[in-house]
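So the chains spell out like this:
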Amino acid sequence: MAMNEDTGAASKPANPRGLPLQASFAVEPADNRTGYRTFKAGSFGFRRDGYFAHISWPNGRHQLAVDVFLRALMRDVAWGFFYGTVNFDTVFGTTNYYGEVEMFAGATNESFIKAGTAFIERFKADELMRIFKEMIGDWTNAGYDPFAAPMETGAPWGSKSGDNDPAVSRKRVTAKRMVGLPGDTPLRSDASGYPVNRMFADVPQDEPEVYAEPGFEHEVSAFNLFAYLSRSDVTWNPSVCSVVKESLFCPTSEEFILPVEHGNDRPEWFVQLSDEIIWTTKDRDTGAFRAQVVCKAGDVCVMPADVRHQGFSDKRSMLLVWENGSPKIPELIRSGKAPNVPVKF
Amino acid sequence: MSGYSTQFGSIDAYERGTVSVIADDPKNYLFSNMFDVAARSAPYERVAVAKNFEYVIEVARAEGVSGWFTCAHDEFVTCLDYPCEVHLVKLDDPDAAVDPESEGAHALAALPPGKKMGRIVLRRGHMAILPVGAAYRFEAAAPATLMIQTIDGPVTSHQWAAFCQSK
């Protein structure tokens with residue numbers, strides 16, 4: 001679920017549908033009744049009211065509860081459209097081609113596909129991102145944080161009421177080598193604004209005993225990863241904490257539901273570090289159910305490249321998402337040179 | 001409301017989840033448990049539990065004193081349950097110990113010349129860097145579980161059928 005900053009493809013983005021780029025965007029003035037702005041990207045229109053986000057396209061429309069929409073939009077923005085497909089729900093979403101993005105209605109829904117009513121348009125990633133960022137900023141009211149677990153934030157309902165820009169513009173944490181090394185991502189503490197989460201109050205906060213010889217103080221290094229995760233102020237938002245070339249350890253704390261059904265374009269590994277997450281997997285292209293995966297502390301599993309997955313975590317849990325950030329992988333999978341499952345046994 | 005209790009596992013106390021298929025093959029999920037793997041492994045056998053192209057996550061049962069390892073790139077070790085010490089030595093000539101273009105950890109027959117860098121005592125949840133250019137070894141008084149972020153190499157053991165859920 002995490003993404004390397006430099007994953008943008010060096011070569012021209014793949015365009016398997018041969019779609020032209022849309023360059024029409026608009027932000028309309030605030031609605032007199034609701035106070036929210038409406039947005040247009042290509043032929044898609046976006047409007048919110050008290051309870052819902054409404055999406056329209058030529059000959060079609062769809063609506064999501066606005067909390068569902070905002071949580072999903074927040075991840076799509078924070079993750080730079082992510083790896084592969086981000087399904088906001090069973091109808092609407094985006095697919096990342098690393099520099100260009102497809103936005104769709106029904107393209108990963110079997111009924112729309114069979115009926116021939118799926119609608120897809122393609123955009124430059126930075127241009128669509130600009131609209132998405134304006135939308136999350138305008139549609140998020142004061143007191144509501146789409147990154148937070150529902151029990152830890154206010155409600156998103158009602159007419160426009162202030163904003164929460166600090167919450168929706170958080171920068172994702174990406175260590176260059178390892179958290180805590182000199183010059184790298186710092187540790188979290190009460191003093192730096194990261195108190196221990198209420199559900200991790202029992203997690204030990206001790207630090208490793210480090211005995212460095214003179215001259216090696218900056219090279220002999222360790223930190224308490226579990227304590228670091230216990231202080232995460234967001235959910236379902238992996239941050240890179242250690243890097244071996246393109247191998248990215250992206251731990252995160254999870255509570256409630258992964259706000260998107262993620263259809264990764266490469267295998268994605270999950271290492272359950274604490275507690276439990278239940279994963280539902282569905283066919284990436286059609287949404288047909290494939291499996292339920294219950295992960296308990298110490299469990300390891302991979303999400304194959306041809307599924308979409310969504311996690312459910314009641315007690316806040318610690319999950320290590322392990323990604324391979326190589327930009328070569330999507331093309332290797334598309335061309336059949338890489339398997340959907342990394343190991344056959 | 002009562003307090004929350006965070007569940008961690010250990011080599012001697014863990015509960016394994018499961019894959020329940022609707023229309024799939026459980027083998028596709030390569031489902032395993034790190035404590036289960038450590039419990040059935042020989043000391044310091046480095047067993048791959050996750051693989052993504054050349055990259056792997058290894059699990060090792062720490063018990064007693066390991067041999068020395070080195071690597072041509074950084075690696076990271078996380079202690080998942082009981083204490084384990086990491087001893088680090090800066091090699092005078094790392095390229096003589098391991099091909100600088102090679103990947104994955106290499107076992108050393110003997111410790112080459114170098115300077116003592118220090119040691120780290122890891123407990124549950126602690127992560128340490130095993131920096132490029134260093135040799136390292138582990139020491140644990142009692143069986144413990146280590147998770148290592150590295151690349152598939154000469155000491156990586158592949159035993160997927162032995163511990164992954166197959167049906």
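The structure presented is a predicted model; accordingly, all values stated were derived computationally and were not measured. (Residues numbered from 1 in each chain as written. Chains lettered and ligands numbered in written order. Predicted model: local features only at pLDDT ≥ 70, side-chain atom pairs only at ≥ 80, totals over all residues. Heavy atoms only, no water.)

J.: Tell me about the sheet that holds strand β5 (residues 52-57) of chain A, residues and numbers included.
T.: Either a parallel or an antiparallel arrangement is found when strands of a sheet pair, and the pairing is made through backbone hydrogen bonds. All names here are of chain A. If you walk across this open sheet you meet the 5 strands as β2-β3-β4-β5-β6, and the pairing is antiparallel. Bordering the open sheet on either side are β2 (25-27) and β6 (60-65), each of which pairs with just one other strand. On average, each strand axis in the sheet is tilted by 15° relative to the strand beside it, whichever way the strands run. Note that strand β3 (residues 39-41) and strand β4 (residues 44-48) share 3 bridges and pair antiparallel. Across the sheet, Lys40 pairs through a bridge with Gly45, a residue of β4. Taken strand by strand, helix α1 (residues 66-78) contacts β4, β5 and β6, and its axis lies near 90° from that of β6. Across the face of the sheet, helix α3 (residues 125-139) comes into contact with β2, β3, β4 and β5 while running at roughly 165° to β3. (Pairing = 2+ DSSP bridges. Helix = DSSP H or I, 4+ residues; strand = E, 2+ residues; numbered from the N terminus. Axes fitted to C-alpha atoms, helices over the stretch in contact; angles between N-to-C directions. Contact = heavy atoms within 4.5 Å.)

J.: Requested: an account of the packing of α1(A) against α3(A), with residues and values cited.
T.: All names here are of chain A. In contact at an axis separation of 10 Å, α1 and α3 are set at 140° when each is read in the N-to-C sense. The angle between α1 and α3 places the two elements in the oblique class. Seen from above, α1 lies across α3 with left-handed handedness. Listed contacts from α3 to Phe69, Leu70, Leu73, Met74, Asp76 and Val77 of α1 are Met129, Phe132, Lys133, Met135, Ile136 and Trp139. Of the residues contributing to the contact of α1 with α3, the split by class is 10 nonpolar, no polar and 2 charged. (Parallel < 35°, antiparallel > 145°, perpendicular 65-115°, else oblique. Left-handed = near helix turned anticlockwise from the far one by under 90°. Nonpolar A, V, L, I, M, F, W, Y, C, P; charged D, E, K, R; others polar.)

J.: Give a detailed account of the state of the cysteines, specifying residues and quantitative values.
T.: Taken as a whole and assessed by the stated rule, the structure comprises 0 disulfides over all chains. The cysteine Cys250(A) is free of any disulfide, with Cys241(A) supplying the nearest cysteine sulfur at 7.7 Å. Cys250(A) sits in the buried class, given a relative accessible area of 0%. Here Cys84(B) stays free of any disulfide, with the sulfur of Cys79(B) as its closest cysteine sulfur at 6.4 Å. (Disulfide = S-S within 2.5 Å. Buried < 20%, exposed > 50% of the residue type's maximum accessible area, 1.4 Å probe, protein only.)

J.: Which residues make up the packing of aromatic side chains, and what are the values?
T.: Residues and elements named next belong to chain A. Inspection of every chain in the model, using the stated rule, returns 27 aromatic pairs over all chains. Aromatic side chains Phe69 and Trp139 sit 5.6 Å apart centroid to centroid with 45° between the ring planes, which places their arrangement in the tilted category. Of this pair, Phe69 sits in helix α1 while Trp139 sits in helix α3, and the two are 70 residues apart along the sequence. The class of Trp139 is buried, set by a relative accessible area of 0%. (Phe/Tyr/Trp six-rings, centres within 6.5 Å; stacked < 30°, edge-to-face > 60°.)

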